[in-house]
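Residue-level structural notes
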Amino acid sequence: MRPLKLVPDDTNIPFLRYRNVAMTLSLLLIAASIALCFIKGFNLGIDFVGGQSVRATFAQPVAVEELRARIGGLGLGEATIQQVGGDREVSIRTPLPAGDAAAADRAARRIRATIEQGYPGAKVGAVESVSGKVSQELFRTGAISLALAMFAITLYVWFRFEWHFGVGALFALFHDVALTLGFFALTQLEFDLNIVAAVLTIIGYSLNDTIVVYDRIRENLRKYRKMAIEPLLDLSINETLSRTVVTSLSIGIVLTILLVLGPDVIFGFTAAMLLGIVIGTFSSVYVSAAILLWLNLKPDSFVTTAEGVKGAERVGPREG
């Protein structure tokens, strides 16, 4: 029995023919994402803003405004209440009470008692507490980790390949991160350290996919020196397309199952990862390769004079 191939060996899709449309769409999405980040901001979790957080599951659908009024009557400060995973489960976040750990424990017990007395059958989960000082440090280290990861990756690609590829990889990573952050600003899903971990994972996945394409491009630049650059890039993308599709599809299936059937506590992480896989695959095929054209990459860009004199140059399959 012949093995199943999702992408035939003779696939010849002219991806770069649509590069202007793809890049225009990408630039518009990046601009919209940045605007959303500044206009709407993020629904920061207690990891970044500090406070107490508790999740409660009710026997019947609960009115958020009524619950907010009950929690507000405790005098613990302004409470942020959001429904998660349906109308029977909510996340309650309140400011951290001033004082020692005993004050925080008393506040948690009051929240638990209010919910259990006002809503029979309700189940209250464990209370998470993060101080303001710790949350600020986590926010700062999270932002620094993202910046350093992207900077280190750019340097690696620059030295591993050439500066054209370094710039292309950096733009592709910026594209993926910007669209992921814009998604969280638009949906107002809780943004916590799990999402930072997801973004770092997306950066690694997207870079791995991009480097596979770039490595094939560099190999073909040495093999087909008389081939026009656009057909050469299309050839390289098509030659790695099977690997790209199989990898993205296998990971996407797992993440989709987790998104639908997985626990709510990792819903944001799973959503970010699934979105990142789609965006990362798109950027590896369109964005990273199109940038090379804009940077005026040519078939003989990395060929030294000595190499050019040694022998006859090979001609690409589309020209020969």
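Residues numbered from 1 in each chain as written. Predicted model: local features only at pLDDT ≥ 70, side-chain atom pairs only at ≥ 80, totals over all residues. Heavy atoms only, no water.

The terminal C-alpha atoms of helix α6 (residues 163–187), which comprises 25 residues, lie 36 Å apart, in line with the 36 Å expected from a rise of 1.5 Å per residue. Of the residues one or two after α6, Gln188 is the one with positive phi, at around 60°. (Helix = DSSP H or I, 4+ residues; strand = E, 2+ residues; numbered from the N terminus. Expected span 1.5 Å × (residues − 1).)

According to the stated counting rule, one finds two cavities of 30 Å³ or more in the structure shown. Counted as a void, the largest cavity has a volume near 50 Å³. Forming the walls of the largest cavity are Ser53, Thr80, Gln82, Ser91, Arg93 and Glu190. Secondary-structure elements contributing two or more residues to the lining of the largest cavity are β3 (80–83) and β4 (89–94). A per-class count over the lining of the largest cavity returns no nonpolar, four polar and two charged. The calculated volume of the second largest cavity comes to roughly 30 Å³. Taken together, Asp209, Val213, Ile237, Thr240, Leu241, Thr244, Ser284 and Val285 make up the full set of residues lining the second largest cavity. Breaking the lining of the second largest cavity down by element, the ones donating at least two residues are α7 (193–223), α9 (241–261) and α10 (267–294). A per-class count over the lining of the second largest cavity returns four nonpolar, three polar and one charged. (1 Å grid on protein atoms, 1.4 Å probe; cavity = no way out; pocket = protein on both sides within 12 Å on 5 of 7 lines; lining within 4 Å. Points joined across faces, edges and corners; volume = space filled by probe spheres on them. Nonpolar A, V, L, I, M, F, W, Y, C, P; charged D, E, K, R; others polar.)

It is worth spelling out the packing of α7 against α10 at this point. Two packed helices can be described by the angle between their axes and the distance between those axes. Their axes nearest at 8 Å, the elements α7 and α10 cross at an angle of 30°. By the angle between their directions, the pair α7 and α10 is classed as roughly parallel. In this structure, α7 meets α10 at a crossing whose hand is right-handed. Of the residues assigned to the contact of α7 with α10, the class counts are 13 nonpolar, 11 polar and one charged. (Axes fitted to C-alpha atoms, helices over the stretch in contact; angles between N-to-C directions. Parallel < 35°, antiparallel > 145°, perpendicular 65-115°, else oblique. Left-handed = near helix turned anticlockwise from the far one by under 90°.)

On the surface, a cluster of nonpolar side chains totalling about 640 Å² of accessible area is made up of Phe151, Leu155, Trp158, Phe159, Trp163 and Val167. Here the nonpolar patch gets four residues from one element, more than from any other, and that element is helix α5 (residues 132–160). Note on placement: Val167 falls in helix α6. Exposure remark for Val167: the relative accessible area of 32% places this residue in the partly exposed category. (Patch = residues over 30% accessible without salt bridge, like charges linked within 9 Å, V, L, I, M, F, W, Y side chains within 5 Å. Areas by Shrake-Rupley, 256 points an atom, 1.4 Å probe, with all protein chains shown as cover. Salt bridge = Lys/Arg side-chain N within 4 Å of Asp/Glu carboxyl O. Buried < 20%, exposed > 50% of the residue type's maximum accessible area, 1.4 Å probe, protein only.)

Among the seven residues of strand β2 (residues 51–57), five are classified as buried, and the element is accordingly described as predominantly covered. As paired elements, β2 and β4 share six bridges and run antiparallel to each other. Of the residues in β4, the one forming a bridge with Ala56 is Val90. (Pairing = 2+ DSSP bridges.)

With that settled, the discussion passes to the packing of α6 against α10. Contact geometry for α6 and α10: axes closest at 8 Å, N-to-C directions at 145°. Read as a crossing pair, α6 and α10 show a hand that is right-handed. Packed against α6, whose contacting residues are His164, Phe165, Gly168, Phe171, Ala172, His175, Asp176, Leu179, Thr180, Phe183 and Phe184, the element α10 presents Gly268, Ala271, Ala272, Leu275, Ile279, Gly280, Phe282, Ser283, Val287, Ser288, Ile291 and Leu292 at the interface. When grouped by side-chain class, the residues that make up the contact of α6 with α10 number 14 nonpolar, eight polar and one charged. (Contact = heavy atoms within 4.5 Å.)

Glancing now at the nonpolar core. Residues Val157, Phe165, Ile203 and Ile217 are the most contacted members of the largest nonpolar core, which totals 47 residues. Listed by contribution, the elements that provide at least two residues to this core are α5, α6, α7, α8 (229–239), α9 and α10. Counting residues per element, this core draws most heavily on α7, at 13 residues. With 19 residues, the next largest nonpolar core counts Val62, Val90, Ala107 and Ile115 among its residues. (Core = buried A, V, L, I, M, F, W, Y, C linked by side-chain atoms within 4.5 Å.)

As far as function goes, none of this settles anything; it's purely spatial.
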